[in-house]
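Summary of the model geometry
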Amino acid sequence: MLDPQERKLVILFLLPTSLFMLLLLWLPFIQGIWMSFHMWPFMGEPQWRGLDNYGKFLRADYFWDAIKATAIYCLSTFFQLLVALAAALVMNQPFIPFKSLWRGIMIVSYAMPPVVVGAIWLFLLDPGLGMVPHYLMQFGLMDEPIYWFSDGVWARWIITFVATWTFWPFMFLIILSSLQSIPREYYEVAEMYGANILQRFMVVTLPRIKTAILIVVILRLAFNLAKIEQPFTLTGGGPGYDTSVLSILMYRFAFMSGDFGMAFTVGLFLVAFTAILLLPFGWLYQRSMRRHSL
């Protein structure tokens, strides 16, 4: 138990952070909830709508398009994890030469601004000038150029692929650092008991990098849901609303339609979607941390 002096000191240290959170996070969030009940044009006074914004959004044809696009875009997090985990396991092997060089090459895509990455892939996939359609036709894998971004299904999966290509090094660096913290003696003991590669991974490696994996999954899911650069640069949310993830839908309502009330409504749906998606991973992370503390 803390004595009164220590309690006052703790409160004093927490006060600046609490004020910062209150002014820059909670007050705008509460204001956003309030404005979601209004029709708020860019030029003009807010007008009370009650629950009309919510009903309009739920009934709209683009509602399920936005949910589907957001869910598919979030799948890039798990594709990033698979690529990052495989690369980290390979780079952690002692026989790999020039590790610093390979690590530098691997993080190039993550070092590039997302807008630049989007422009590069737009050029590579261009039906007339792009290298990808050219070589696909050269090898007989495609009869004629495909207008990738004019088809909603293709556009969604291309955005997911580009996000995976861009951001997997973030996970790779964190998982690799976690792998390097595992003592080699653990693997030597496992080999002495006859454990094969898969058994060593499941018994020695995975339990010791599980926390790092959960952290990067939570961070990347949160970043994917909040950021709009990748889908906006590649498709602008189109065709139609097929690639309008919820964050892009917020942008379209606020800055293209001028309806900030509806933008706040979509934002609250995004908050709810994020909470539902992150809840199981947060629970697993808390459970993992409790086990480590015992």
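Right above here is the structure, for reference.
The paragraphs below set out a description of the structure included in this document. (Residues numbered from 1 in each chain as written. Predicted model: local features only at pLDDT ≥ 70, side-chain atom pairs only at ≥ 80, totals over all residues. Heavy atoms only, no water.)

1. What about the overall build of the protein?
Along the backbone of the protein there are 13 helices and two strands. Evaluated residue by residue, the protein yields a buried proportion of 39% over its 294 residues. Taking the intrachain contacts of the protein between residues at least 6 apart in sequence as the baseline, contacts between residues at least 24 apart amount to 67%. For the protein, the accessible area works out to roughly 17,600 Å², and carbon and sulfur atoms hold 71% of it. Averaged over its 19 positive side-chain charges, the protein has a centre that lies 11 Å from the centre of its 16 negative ones. (Helix = DSSP H or I, 4+ residues; strand = E, 2+ residues; numbered from the N terminus. Buried < 20%, exposed > 50% of the residue type's maximum accessible area, 1.4 Å probe, protein only. Contact = heavy atoms within 4.5 Å. Areas by Shrake-Rupley, 256 points an atom, 1.4 Å probe, with all protein chains shown as cover. Lys, Arg positive; Asp, Glu negative; His and termini not counted. Charge placed at Lys NZ, Arg CZ, Asp CG, Glu CD.)

2. Some words on the side chain of serine 178
When you line up the elements, serine 178 lands in helix α8 (residues 152-180). Non-local contacts of serine 178, meaning those with residues more than four positions away in its chain, are made with Arg208, Ile209 and Ala212.

3. Side note on a positive patch on the surface
Taken together, the side chains of Lys210, Arg287, Arg290 and Arg291 define a basic patch exposed on the protein surface. Looking at which element gives the most residues to the positive patch, the answer is helix α13 (residues 260-293), with three residues. Looking at the secondary structure, you find arginine 287 in helix α13. On the basis of relative accessibility, which here comes to 34%, the residue arginine 287 falls in the partly exposed class. (Patch = residues over 30% accessible without salt bridge, like charges linked within 9 Å, V, L, I, M, F, W, Y side chains within 5 Å. Salt bridge = Lys/Arg side-chain N within 4 Å of Asp/Glu carboxyl O.)

4. Some remarks on empty space enclosed by the protein
A complete count under the given rule lists one cavity of 30 Å³ or more for this structure. Roughly 30 Å³ of internal volume is contained in the largest cavity. Lining the largest cavity, in full, are Ala69, Tyr73, Arg156, Ile159, Thr243 and Val245. (1 Å grid on protein atoms, 1.4 Å probe; cavity = no way out; pocket = protein on both sides within 12 Å on 5 of 7 lines; lining within 4 Å. Points joined across faces, edges and corners; volume = space filled by probe spheres on them.)

5. So, the pattern of salt bridges
Under the defined criterion, the tally for this structure stands at two salt bridges. Among the ionic pairs, arginine 49 bridges to aspartate 259, the shortest N-O distance being 3.7 Å. Pair noted here: arginine 49 is in the loop between β2 (47-48) and α2 (52-59) and aspartate 259 is in the loop between α12 (246-256) and α13, with a separation of 210 residues, a long-range link. Aspartate 242 serves as the salt-bridge partner of arginine 156, at 3.5 Å between the closest nitrogen and oxygen. Taken together, the residues arginine 156 in helix α8 and aspartate 242 in the loop between α11 (229-234) and α12 connect sequence positions 86 residues apart.

6. Observations regarding the packing of aromatic side chains
Per the stated rule, a full pass over the model turns up 23 aromatic pairs. With 5.9 Å between their ring centres and 40° between their planes, tyrosine 110 and phenylalanine 170 make a pair best called tilted. Separated by 60 residues along the polypeptide, tyrosine 110 in helix α5 (residues 108-111) and phenylalanine 170 in helix α8 bring together distant segments of the chain. On the accessibility criterion, phenylalanine 170 (14% relative accessible area) is buried. A ring pair is formed by tyrosine 251 and phenylalanine 255, whose centres lie 5.4 Å apart and whose planes are at 45°; its orientation type is tilted. Pair noted here: tyrosine 251 and phenylalanine 255 are both in helix α12, with a separation of four residues, about one helical turn. The class for tyrosine 251 is partly exposed, based on a relative accessible area of 29%. A relative accessible area of 57% places phenylalanine 255 in the exposed class. Among the aromatic residues, those joined into a cluster by ring pairs are Trp34, Phe37, Trp48, Tyr54, Phe57, Tyr62, Phe63, Trp64, Tyr241, Phe253 and Phe269. In this arrangement the basic side chain of arginine 220 is found over the ring face of phenylalanine 167, its NZ or CZ atom lying 4.1 Å from the centre. Sitting over the ring of tyrosine 241, arginine 252 keeps its end group 4.4 Å from the ring centre. (Phe/Tyr/Trp six-rings, centres within 6.5 Å; stacked < 30°, edge-to-face > 60°. Lys NZ or Arg CZ within 6 Å of the ring centre and 35° of its normal.)

7. Let's talk about unusual backbone geometry
Cis peptide bonds are those with omega within 30 degrees of zero, and the linkage from glycine 238 to proline 239 qualifies with 0°. Here proline 239 is to be found in the loop between α11 and α12. A positive phi angle is found at phenylalanine 98, which is not glycine, with a value near 50°. Structurally, the position occupied by phenylalanine 98 is in the loop between α3 (62-91) and α4 (99-106).

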